[in-house]
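As a plain string of letters, each chain reads:
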Amino acid sequence: MDGMLSQEEINALLSGMNSDTGNAGSDTMNDVLSDAEKDAIGEISNISMGTAATTLSSLVNQKVVITTPVVSYATWTDLSESYDRPCVFIQIYYKDGLDGNNILILKESDVKIITDLMMGGDGTSVEGKLSELHLSAISEAMNQMMGSASTSISAMLEKRVDITPPISTVVDMNETIDGSDIAPFLKGKFVKVAFKMEIGTLVDSELMQLYPFELARELYSNFIKGEQKTEQAPEKAEKPVQPKAPEVPAQAAPQMQAPAPQMPYAAPDINVSPAQFQSFTVSQQVTPQPENINLIMDVPLEVTVELGRTNKSIKEILDFTPGTIIELNKLAGEPIDVLVNGKFVAKGEVVVIEESFGIRVTEIIK
């Protein structure tokens, strides 16, 4: 009987298999979406990111295309092995309509290009590390993008959905970083929605959105409720109820009698004459009363002397330092503008009165 297992060893093995199978079945139920749930998440993501792409396009002044999403599952290990390092995690928390949060992941190079375009650059200034300025700019971009996406989700779910301002963090995914330190749901398995993102000719990359399973199922549940309301609404309006005339019992019907003959009515004689109207000829001219302008003589008005104007991008303004020279649209020696309550009324030249500047009016603009 050498090499054969005893009955006790066989029982122990079977017990271990049953225990493992039970745990696996439990994990599978919690960490897998049904086909209907995956389709709903894909549709919600597709519509919301389409709206977000339009918003981003206006911010960077470039054509932005975010393609149809691909819904799958992932773990923190999957992300750390497949995605760029470092990258930017943007956490989005819901404050109305939904419970929980999701995370957007952008590559570091993509964030630099987006923020450079937002600051008036051409998208090529991508050297150096990400600064607080980059993170603030991308947070504002995501705030506007996901705000418009929330509006689309609100329309789909037929309920108000709102977010808090997103929080952006630079993350270098490696063995020393635990996903649960960023968000609790990253500790285990989660839903990953991957998009292909194109920005003009500068970006051809991947954008990822991560959901906990609880939020994904809540989105599906609200999505189904919204569809059911839409389907039921026309049915209620198809057949309006028509009011019925009250029925009169036969025995209670009144007896109709023929009306008694009436004598013809004779109208009395009335004198009618055409209406007479008074002529509208003006007999005398009305002398206009002088306006009492003294009533408003004490009203204060703001007088502004404008030396000139210019336009600067956000990037140029942020580069201002003491000693920076700003060129205006006026030529040296050219008359400057005088405005009263913001309205251009005169031109003049600058003079010095003791230790103060003044303006000598040289032309009144009518």
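So, the confidence of the model for the chain
Working step 1: The pLDDT averaged across the chain works out to 79; a share of 74% of its residues lies at or above 70.
Working step 2: Segment residues 248-256: pLDDT under 50, and one contact once partners within four positions in sequence are set aside and those in other chains are kept.

Some words on the pattern of salt bridges
Working step 1: One pass over the full model with this rule turns up 10 salt bridges.
Working step 2: K196 is the salt-bridge partner of D204, the closest N and O atoms lying 4.0 Å from each other.
Working step 3: One salt bridge in this structure joins R360 and E349, with 2.5 Å as the shortest N-O distance. Separated by 11 residues along the polypeptide, R360 in strand β12 (residues 356-364) and E349 in strand β11 (residues 343-353) bring together distant segments of the chain.
Working step 4: Exposure remark for R360: the relative accessible area of 47% places this residue in the partly exposed category.
Working step 5: What you see here is one network of salt bridges that share partners, running through K95, D96, R160 and D162.

Here's the deal with the packing of aromatic side chains
Working step 1: Across all of its chains, the model carries three aromatic pairs by this definition.
Working step 2: Judged by centre distance (6.0 Å) and plane angle (50 degrees), the rings of W76 and F89 are tilted. Of this pair, W76 sits in helix α3 (residues 76-82) while F89 is found in strand β3 (residues 87-96), placing the two residues 13 residues apart along the sequence.
Working step 3: Relative accessible area serves as the criterion here: at 9%, W76 is assigned to the buried category.
Working step 4: For F89, a relative accessible area of 1% puts it in the buried group.

Examining a negative patch on the surface
Working step 1: The grouping of D35, D39, E43 and E227 at the surface amounts to a negative patch.
Working step 2: No other element matches helix α2 (residues 35-60), which puts three residues into the negative patch.
Working step 3: In this structure, D39 sits in helix α2.

Section: the layout of surface pockets
Working step 1: Of the volumes computed, that of the largest pocket is approximately 190 Å³.
Working step 2: For the largest pocket, the lining is made up of 13 residues, of which D116, M119, S125, H134 and K315 are closest to its centre.
Working step 3: Counting residues per element, the ones that place at least two in the lining of the largest pocket are α4 (108-118), α5 (132-157) and α7 (314-318).
Working step 4: Counted by class, the lining of the largest pocket contains three nonpolar, five polar and five charged residues.

So, how was this worked out
Residues numbered from 1 in each chain as written. Predicted model: local features only at pLDDT ≥ 70, side-chain atom pairs only at ≥ 80, totals over all residues. Heavy atoms only, no water. pLDDT = per-residue confidence, 0-100. Contact = heavy atoms within 4.5 Å. Salt bridge = Lys/Arg side-chain N within 4 Å of Asp/Glu carboxyl O. Helix = DSSP H or I, 4+ residues; strand = E, 2+ residues; numbered from the N terminus. Buried < 20%, exposed > 50% of the residue type's maximum accessible area, 1.4 Å probe, protein only. Phe/Tyr/Trp six-rings, centres within 6.5 Å; stacked < 30°, edge-to-face > 60°. Patch = residues over 30% accessible without salt bridge, like charges linked within 9 Å, V, L, I, M, F, W, Y side chains within 5 Å. Areas by Shrake-Rupley, 256 points an atom, 1.4 Å probe, with all protein chains shown as cover. Lys, Arg positive; Asp, Glu negative; His and termini not counted. Charge placed at Lys NZ, Arg CZ, Asp CG, Glu CD. 1 Å grid on protein atoms, 1.4 Å probe; cavity = no way out; pocket = protein on both sides within 12 Å on 5 of 7 lines; lining within 4 Å. Points joined across faces, edges and corners; volume = space filled by probe spheres on them. Nonpolar A, V, L, I, M, F, W, Y, C, P; charged D, E, K, R; others polar.

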